[in-house]
Amino acid sequence: MVLDKLANAQRYYTLHPLFEKAFAYLRDTDLANEPTGVHEIEGKKLFAIVSEGAGVTEEDYKLEVHRKYIDIQYVISGTDHMGWKDLAQCEAPNDPYNDERDAAFFPDKTDSWFYVPAGSFTIFTPTMPTLPWLPVRMW
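Here goes a summary of the coordinates provided. This is a predicted model, so every value here is computed, not measured.

1. Some words on the overall build of the protein
Moving on, step 1. Helix and strand content of the protein: 1 helix and 12 strands.
Moving on, step 2. When the helices and strands of the protein are read in sequence order from the N terminus, they spell out β-α-β-β-β-β-β-β-β-β-β-β-β.
Moving on, step 3. The C-alpha atoms of the protein give a radius of gyration of 14 Å, which matches the 14 Å a tight globule of 139 residues would have.
Moving on, step 4. When its C-alpha atoms are laid out on the principal axes, the protein stretches across 40 × 30 × 30 Å.
Moving on, step 5. Accessible area of the protein: about 7,600 Å², with a carbon and sulfur share of 50%.

In structure tokens, the structure reads:
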């Protein structure tokens, strides 16, 4: 898992061939005025999901994992509260993996919570459970 500021995104370009394009979208798009929903950047290989609203609370979250997509979550305004847990420490999923939604959900709780301020992003890879999504998704 990575947590950093968008100003430092070039440090991560070598992690995936589409990361430079993904971070260019975040940097060059007026995200505050971008309509909510799915925005294809490079078809199904690279797309953004723009959403608006409060994050998930510690009481209401579901720990999830993806197999196909790397999840880049970018905070446009305010501060989001996210959590993480090592997949090797998780119990069996209580909602098994579904290929169409690229997710499985776990009954586990995590005590690894962190704040992500505006202008910052996280990267969750497919081998790690994530909270609140090789192609790239951005929130």
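2. Some details on the environment of serine 77
Moving on, step 1. Locating serine 77 in the fold gives a position in the loop between strand S5 (70-74) and strand S6 (79-84).
Moving on, step 2. Measuring from C-alpha to C-alpha, the distance between serine 77 and phenylalanine 19 comes to 22 Å, with 58 residues separating the pair along the chain.

3. Considering the nonpolar core
Moving on, step 1. Membership of the largest hydrophobic core comes to 19 residues, with the highest contact counts inside it found for Tyr12, Phe19, Phe23, Leu26, Ile72, Phe121 and Ile123.
Moving on, step 2. Of all the secondary-structure elements, those providing two or more residues to this core are helix H1 (19-28), strand S3 (46-50), S5 and strand S10 (120-124).
Moving on, step 3. With 5 residues, H1 is the single largest residue contributor to this core.

4. Here's the deal with the side chain of aspartate 102
Moving on, step 1. In this structure, aspartate 102 sits in the loop between strand S7 (95-98) and strand S8 (103-106).
Moving on, step 2. Taking the relative accessible area as the measure of exposure, aspartate 102 reaches 1% and is therefore buried.
Moving on, step 3. A distance of 2.9 Å separates a polar side-chain atom of aspartate 102 from the backbone nitrogen of arginine 67.
Moving on, step 4. Reaching out from aspartate 102, the side chain makes a polar contact with the backbone nitrogen of lysine 68 at a distance of 2.9 Å.
Moving on, step 5. Those residues within four positions of aspartate 102 in sequence are excluded, and the remaining contacts are Val65, His66, Arg67, Lys68, Tyr69 and Tyr97.

5. Focus on the pattern of salt bridges
Moving on, step 1. Evaluation of the coordinates by the stated rule reveals 7 salt bridges.
Moving on, step 2. For aspartate 4, the salt bridge goes to arginine 11, with nearest N and O atoms at 3.6 Å.
Moving on, step 3. Of the residues examined, arginine 11 reaches a relative accessible area of 55% and is grouped as exposed.
Moving on, step 4. Among the salt bridges present, the one from aspartate 108 reaches lysine 85, with a minimum N-O distance of 3.1 Å. Of this pair, aspartate 108 sits in the loop between S8 and strand S9 (112-117) while lysine 85 sits in the loop between S6 and S7; the two residues are 23 residues apart in sequence, bridging distant segments of the chain.
Moving on, step 5. Looking at aspartate 108, the relative accessible area reads 5%, which means it is buried.
Moving on, step 6. Look at the salt bridges and you will find they share partners, linking Lys21, Glu42 and Lys45 into a network.

Quick notes on the rules
Residues numbered from 1 in each chain as written. Predicted model: local features only at pLDDT ≥ 70, side-chain atom pairs only at ≥ 80, totals over all residues. Heavy atoms only, no water. Helix = DSSP H or I, 4+ residues; strand = E, 2+ residues; numbered from the N terminus. Rg over C-alpha atoms; globule rule 2.2 N^0.38 Å. Areas by Shrake-Rupley, 256 points an atom, 1.4 Å probe, with all protein chains shown as cover. Core = buried A, V, L, I, M, F, W, Y, C linked by side-chain atoms within 4.5 Å. Buried < 20%, exposed > 50% of the residue type's maximum accessible area, 1.4 Å probe, protein only. Polar contact = N/O pair within 3.5 Å; in protein donor to acceptor, adjacent residues only side chain to side chain. Contact = heavy atoms within 4.5 Å. Salt bridge = Lys/Arg side-chain N within 4 Å of Asp/Glu carboxyl O.

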